[in-house]
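Each chain, letter by letter, is given below.
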Protein chains: 2
Amino acid sequence: MSQKVFVSAQEVADRAGVSRSAVSRTFTPGASVSPETRRKVLEAADALGYHVNHLARGLMRNESGIVCLIVSDLATPHRSGMIKVLTQELQHSGKIAMLVNTDLSDGSVDLALRQAIHYRADASIILSGMPDKSIAQLCLKSGQRLVLINRDDEQDGPLRINLDDEEAAGRILIAFLRAGCRKLAFANSEAGTPSLMARENGFVAAARAHGLDVVVERYGWTGYESGRVLAQRLLTRNQRPDAVFCATDLLACGFMDAARHQFSISVPDQLCVAGFDDIEQASWASYQLTTFAQPLATIAREAVSWLESGPVANSEGRTSAIRLHADLVWRSSIRGG
Amino acid sequence: MSQKVFVSAQEVADRAGVSRSAVSRTFTPGASVSPETRRKVLEAADALGYHVNHLARGLMRNESGIVCLIVSDLATPHRSGMIKVLTQELQHSGKIAMLVNTDLSDGSVDLALRQAIHYRADASIILSGMPDKSIAQLCLKSGQRLVLINRDDEQDGPLRINLDDEEAAGRILIAFLRAGCRKLAFANSEAGTPSLMARENGFVAAARAHGLDVVVERYGWTGYESGRVLAQRLLTRNQRPDAVFCATDLLACGFMDAARHQFSISVPDQLCVAGFDDIEQASWASYQLTTFAQPLATIAREAVSWLESGPVANSEGRTSAIRLHADLVWRSSIRGG
DNA sequence: TTGTAAGCGTTATCAT
DNA sequence: ATGATAACGCTTACAA
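Numbering of residues begins from 1 in every chain and follows the order in which that chain's sequence is written. Chains and ligands are labelled sequentially in the order written, the chains with letters from A and the ligands with numbers from 1. For a predicted model such as this one, the threshold for reporting local features is a pLDDT of at least 70, and the threshold for listing and counting side-chain atom pairs is 80 or more; totals across whole chains, interfaces and linings nevertheless cover every residue. The side-chain figures draw on all heavy atoms in the structure; neither hydrogens nor water molecules are used.

## Concerning the overall build of chain A
Think of it this way: any DSSP run of H or I at least four residues long counts as a helix, any run of E at least two long counts as a strand, and we number them from the N terminus. Helices and strands together make up the secondary structure of chain A, namely twelve helices and twelve strands. As a reference, a globule follows 2.2 Å times the number of residues to the power 0.38, and the radius of gyration itself is taken over C-alpha atoms. Here the C-alpha radius of gyration of chain A, 25 Å, is well above what a compact globule of 337 residues would show, namely 20 Å. Oriented by its inertia axes, the alpha-carbon framework of chain A measures out at about 85 × 45 × 40 Å. Counting over 337 residues, chain A shows a buried share of 57%. Residues are treated as being in contact if the distance between any of their heavy atoms lies within 4.5 Å. Long-range contacts, defined here as pairs at least 24 residues apart, represent 69% of the contacts in chain A between residues at least 6 apart. With an accessible surface of roughly 13,600 Å², chain A has 48% of that area assigned to carbon and sulfur atoms. Here chain A contributes 36 positive and 37 negative side-chain charges, whose respective centroids are spaced 3 Å apart. The classification of residues rests on relative accessible area computed with a 1.4 Å probe and restricted to protein chains. Under 20% of the type maximum is buried, over 50% is exposed, and intermediate values are partly exposed. Computed with a 1.4 Å probe, the accessible areas rest on the Shrake-Rupley method; for each residue, only the protein chains presented here act as cover. For this count, His and the chain ends are skipped, Lys and Arg are scored as positive, and Asp and Glu as negative. Where a charge lies is defined by one atom per residue type, namely NZ (Lys), CZ (Arg), CG (Asp) and CD (Glu).

## Focus on the domain arrangement of chain A
A common way to report how large an interface is uses the accessible area buried once the components associate. Splitting chain A by domain gives domain 1 (9-52), domain 2 (66-163 + 296-324) and domain 3 (165-294). If you average the C-alpha positions of domain 1 of chain A and of domain 2 of chain A, the two centres end up 36 Å apart. Where each domain starts and ends follows an automatic or database-derived domain assignment.

## Description of the protein's contact with DNA strand C
Summary of the distance rule: residues count as near a molecule or strand when at least one heavy atom falls within 4 Å of that molecule or strand. The immediate surroundings of DNA strand C are formed by 24 residues, with A:Ser21, A:Arg25, A:Thr37, B:Ser24 and B:Arg57 found nearest. If you look at DNA strand C and keep only atoms within 4 Å of the protein, 54% of those are sugar or phosphate atoms. The definition of a polar contact used here is a pair of N or O atoms within 3.5 Å, where within protein one atom must be able to donate a hydrogen and the other to accept one, and adjacent residues in sequence count solely through side-chain atom pairs. Side-chain polar atom of A:Ser19 to a phosphate oxygen of DNA strand C: 3.0 Å apart, as the coordinates give it. Between DNA strand C and B:Ala9 there is a distance of 2.7 Å, counted from a phosphate oxygen to a backbone nitrogen or oxygen. Among the elements of the structure, helix H2 (20-26) and helix H4 (54-61) of chain A together with helix H2 (20-26) and helix H4 (54-61) of chain B are those that each provide at least two residues to the surface near DNA strand C. Classification convention: Asp, Glu, Lys, Arg as charged; Ala, Val, Leu, Ile, Met, Phe, Trp, Tyr, Cys, Pro as nonpolar; all other residues, Gly among them, as polar. For the surface near DNA strand C, the class distribution of residues is ten nonpolar, ten polar and four charged.

## Quick notes on the nonpolar core
Definition of nonpolar core: a set of buried residues of the types Ala, Val, Leu, Ile, Met, Phe, Trp, Tyr and Cys, connected through side-chain atoms within 4.5 Å. Ranked by size, the top nonpolar core spans 162 residues in total, and within it A:Phe176 and B:Phe176 carry the most contacts. With residues up to four places along the chain from it excluded, the contact list for A:Phe176 reads A:Cys181, A:Leu184, A:Phe203, A:Ala243, A:Val244, A:Phe245, A:Cys272, A:Val273, A:Ala274 and A:Ile334. In terms of nonpolar packing, the next biggest core, distinct from the first, is built from 44 residues, A:Leu55, A:Ile70, A:Leu146 and B:Ile70 among them.

## Regarding the relation of the copies chain A and chain B
Two copies of a chain can be linked by a rotation about an axis combined with a shift along that same axis. Least-squares superposition of the copies uses the C-alpha atoms of those residues scoring a pLDDT of at least 70 in each of them. Least-squares fitting of chain A to chain B yields an RMSD of 0.1 Å, with the superposition described by an axial translation of 0.0 Å and a rotation of 180 degrees. The superposition of one copy onto the other is thereby described by a two-fold rotation axis. Closest to the rotation axis within chain A is the C-alpha of A:Met98, separated from it by 2.1 Å. A symmetric contact is evident, with 100% of the interface residues of chain A recurring at the interface of chain B.

## Details of helix H9 (residues 194-209) of chain B
Given 3.6 residues to a turn, an α-helix orients residues that are three or four positions apart in the same direction. Residues and elements named next belong to chain B. In this model H9 runs 22 Å from its N-terminal to its C-terminal C-alpha over 16 residues, within 8% of the 22 Å that 1.5 Å per residue would give. For H9, every residue scored as buried is listed here: Ser195, Leu196, Ala198, Arg199, Glu200, Gly202, Phe203, Val204, Ala206 and Ala207. Buried-residue contacts for H9 involve helix H8 (165-178), strand E6 (184-188), strand E7 (214-218) and strand E8 (243-246). Two residues or fewer after H9 comes glycine 211, characterised by a positive phi angle close to 75 degrees. Here, expected helix span is obtained from the residue count minus one, scaled by 1.5 Å.

## Observations concerning the protein's contact with DNA strand D
Within the structure, DNA strand D sits among 23 residues, and A:Ala9, A:Ser24, A:Arg57, B:Arg25 and B:Thr37 are positioned closest to it. If you look at DNA strand D and keep only atoms within 4 Å of the protein, 58% of those are sugar or phosphate atoms. A:Arg57 is positioned with one of its side-chain polar atoms (N or O) 2.6 Å from a phosphate oxygen of DNA strand D. Those elements that provide at least two residues to the surface near DNA strand D are H2 and H4 of chain A together with H2 and H4 of chain B.

## Focus: the interface of chain A and chain B
Chain A puts 66 residues into the contact, and the matching count from chain B is 66 residues. Buried area counts how much accessible surface, traced with a 1.4 Å probe, disappears from two parts once they are put together, with both parts' losses summed. Of the roughly 6,600 Å² buried where chain A meets chain B, counting both sides, 60% is carbon and sulfur surface. Summed over the three residues of chain A that lose the most area to chain B, namely A:Lys4, A:Leu55 and A:Arg120, the buried surface amounts to 12% of that side. A:Asp122 is paired through a salt bridge with B:Lys4; the nearest N and O atoms lie 2.7 Å apart. Throughout this description, the term salt bridge denotes a Lys or Arg side-chain nitrogen within 4 Å of a carboxyl oxygen of Asp or Glu.

## Considerations on the sheet that holds strand E9 (residues 272-274) of chain B
Residues and elements named next belong to chain B. Here four strands make up an open sheet; going across it, the order is E7-E6-E8-E9 and the pairing parallel. Since the sheet does not close on itself, it has two edges, and those belong to E7 and E9, each with one partner. Across the sheet, the mean angle from the axis of one strand to that of its neighbour is 20 degrees, orientation sign disregarded. Contacting E6, E8 and E9, H8 runs over the sheet at an angle of about 160 degrees to E8. At least two bridges found by DSSP between two strands are what make those strands a pair. Interaxial angles span 0 to 180 degrees and are taken between N-to-C directions of axes, which are lines fitted to C-alpha atoms, for helices over the stretch in contact.

## Some words on the pattern of salt bridges
For the structure shown, the criterion picks out 24 salt bridges over all chains. A salt bridge links B:Arg323 to B:Asp152, with the shortest nitrogen-to-oxygen separation between them at 3.9 Å. Here B:Arg323, found in strand E11 (residues 320-324), pairs with B:Asp152, found in the loop between strand E4 (145-149) and strand E5 (159-163); they are 171 residues apart in sequence, far enough to count as distant. When its relative accessible area of 34% is taken as the criterion, B:Asp152 is described as partly exposed. Salt bridges linked by common partners bring A:Lys4, B:Lys95 and B:Asp122 together as one network.

## Concerning the confidence of the model for chain A
The predicted coordinates should not be examined in detail at positions where pLDDT is low. One number per residue, pLDDT, summarises how confident the predictor is, and it ranges from 0 to 100. This prediction gives chain A a mean pLDDT of 94; 96% of its residues lie at or above 70. Confidence drops under pLDDT 50 across residues 313-317 of chain A; counting only partners more than four residues distant or on other chains, this segment forms five contacts.

## Things to note about the sheet that holds strand E2 (residues 96-101) of chain B
Sheet strands pair by backbone hydrogen bonding; their relative direction is either parallel or antiparallel. With respect to topology, twelve strands assemble into an open sheet ordered E11(A)-E5(A)-E4(A)-E3(A)-E1(A)-E2(A)-E2(B)-E1(B)-E3(B)-E4(B)-E5(B)-E11(B), the strand pairing being mixed. The open sheet has two edge strands with one neighbour each: strand E11 (320-324) of chain A together with E11 of chain B. Strand-to-strand, the axes of this sheet are offset by a mean angle of 20 degrees, without reference to chain direction. Relative to E2(B), strand E1 (residues 66-71) of chain B runs parallel, the two sharing six bridges.

## Let's talk about the environment of A:Gly202
Residue and element names in this part refer to chain A. Following the sequence through the fold, glycine 202 ends up in helix H9 (residues 194-209). A relative accessible area of 8% places glycine 202 in the buried class. Contact partners of glycine 202, with chain neighbours within four places excluded, come to Glu166 and Ala169.

## A look at the UniProt feature "domain: HTH lacI-type" (unreviewed entry) in chain A
UniProt positions are given in the numbering used here, feature names are shortened, and annotations may be inferred rather than shown by experiment. UniProt feature "domain: HTH lacI-type" (unreviewed entry): in the numbering of this structure it lies at residues 7-61 of chain A. For residues 7-61 of chain A, helix accounts for 67% and strand for 0%, while the C-alpha atoms at its two ends are 20 Å apart.

## Considerations on the side chain of B:Thr26
All names here are of chain B. Mapped onto the fold, threonine 26 is located in helix H2. Among the polar contacts made by the side chain of threonine 26, one reaches the main-chain carbonyl oxygen of alanine 22 at a distance of 2.7 Å. Contact partners of threonine 26, with chain neighbours within four places excluded, come to Val33, Arg38, Val41 and Leu42.

## Focus on the packing of aromatic side chains
All names here are of chain A. Planes of paired rings set the category: under 30 degrees apart is stacked, over 60 is edge-to-face and the rest tilted, where pairs are Phe, Tyr or Trp rings (Trp by its six-membered ring) whose centres lie within 6.5 Å. With the rule as written, the count across this model stands at 19 aromatic pairs over all chains. Ring centres 6.0 Å apart and planes at 85 degrees place the aromatic pair phenylalanine 176 and phenylalanine 203 in the edge-to-face group. Of the two residues, phenylalanine 176 sits in helix H8 (residues 165-178) while phenylalanine 203 sits in helix H9, which places them 27 residues apart along the sequence. For phenylalanine 176, a relative accessible area of 0% corresponds to the buried category. On the basis of relative accessibility, which here comes to 0%, the residue phenylalanine 203 falls in the buried class.

This is the structure in structure tokens:
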């Protein structure tokens, strides 16, 4: 297609009157070059607009510097926030993010991982879906690292970073009880991902431990609109709940809006609401949602530092799992405090 | 670092009992291979877990398939929405997105473009900041394509996609006038990007054409919090405005929240508000913001199809600019309709 | 410290 | 249709 004409190391070498290797060494941190040649090379490179070809370098070094981010629902506040911190952290450690959007086809996580292999990515970070066992094994066998965030998979080999969802659910139950709520509900999507289900199960279990029942409702995709539908369903019951734990903030925003504008219910006076993720909108004046903060910075740091850490034990790759704590962010969608 | 051991074409060839070239041809669309060899190769490849090395392929073909997305404020609804459609469109046409986050350092757009060159990206799409003239020239000279979205630059060579911001500003003025508003205000950030300024200038000019003045206030970064500050400033004036055009939806959300919750002003009864971008939150029940929709799908399609179109005229690369129309999305933050 | 030469995994050219 | 061979731009022993 486009007639690309990049400057090569040879041209720089010619102009500087040195060998190709001298040029290569100049751009290799920690290689031995005399200050004089270095200067000449840098000068020629600058004049010619030379930039090391990372494709070729990756080929030789067997290390591309590419990390593949596999993501769906790219435009949701939580996911985009995740991508933001991950790209920052990756760039900070000299890597570059390749972004694969899996919104389109089904089973596209596998397709995405194939892309990662094609470009010889040093690692893949999966924020959505679950890879097929076989393709995941291929990645690991090929020496590619795998990080699963909020996927809670049983597979061996990848790094798994998860939150303590159950425990958080228990804490929010206490908060509801302190606010005097007894008619509990849980609003979930039908996505059924491990972390979503852990929140649900944790909440139900904690309630049961206190001798209380929870009305659970699930609907559609984990977004604002689903929150409205869930409100429709939960707030039209004979026994209207006085406390709702929503599986995500996005659901909670939709739920609150429906409760207030459609059912004229006052939050938190007549209904306490809690969410999960602490997306930016949770802090907006219209919501002031009590929620759990995803420790984004920590997640990114842990993920990237694990990628940087030396080679994984070839012997079946040591199994690593990190469970992080989610801080409760108190706002006014729950009475008291 | 990690001992990566990917399967090579040679290994596949050996196992299938054919030559390397046969393997290569099997994976090159439109190459001539007999069904028989093809089958043997595919079988061996599958058994071994072979995947074409795009690094090496890019080296040979002088075409990496990589497109670099250069972005700041990654986590805002508008930017993430943009990234979503762009990645979809790119993947759809067989390309892959490399994401560079420029939130960190200043002048990092140049750094980002350097990364694009390092990885021999076929093109770069810039959603934020402006590249230095020299580095942009280097990209173009190297045969890399450049797309600037909502940057409205004068430079020659790159494709420039912009909205008709001035014209849109004129339309919203009419809407305000029809609603009976006469005390106009414009809420802007201090970012001063061309599109933001075009909205401001277009609004002021249109008002002047109708013999009306506009109070313009600018503050901080283009986010929710700035909207609140701007409301603070504009709503405490002697002459309180009865209509505010906010440069973006995010500003508008902050503005509306402050107006309602802090100043107990009713929107749209006492104050009409309009925004720009049509982010998801604009449609939420708490805002119901009248705004202009960014034609995201069209933008992405235009950008990617331009990348696919044959080689740019080497003779100074024909100058291409696309100006798109922003549809007005009517909701209830303006009276009437 | 420097240059020479081999090799990374492809694809493209050219015979066959 | 197939196989040998020469690139592609780089890094890295190895030799000087």
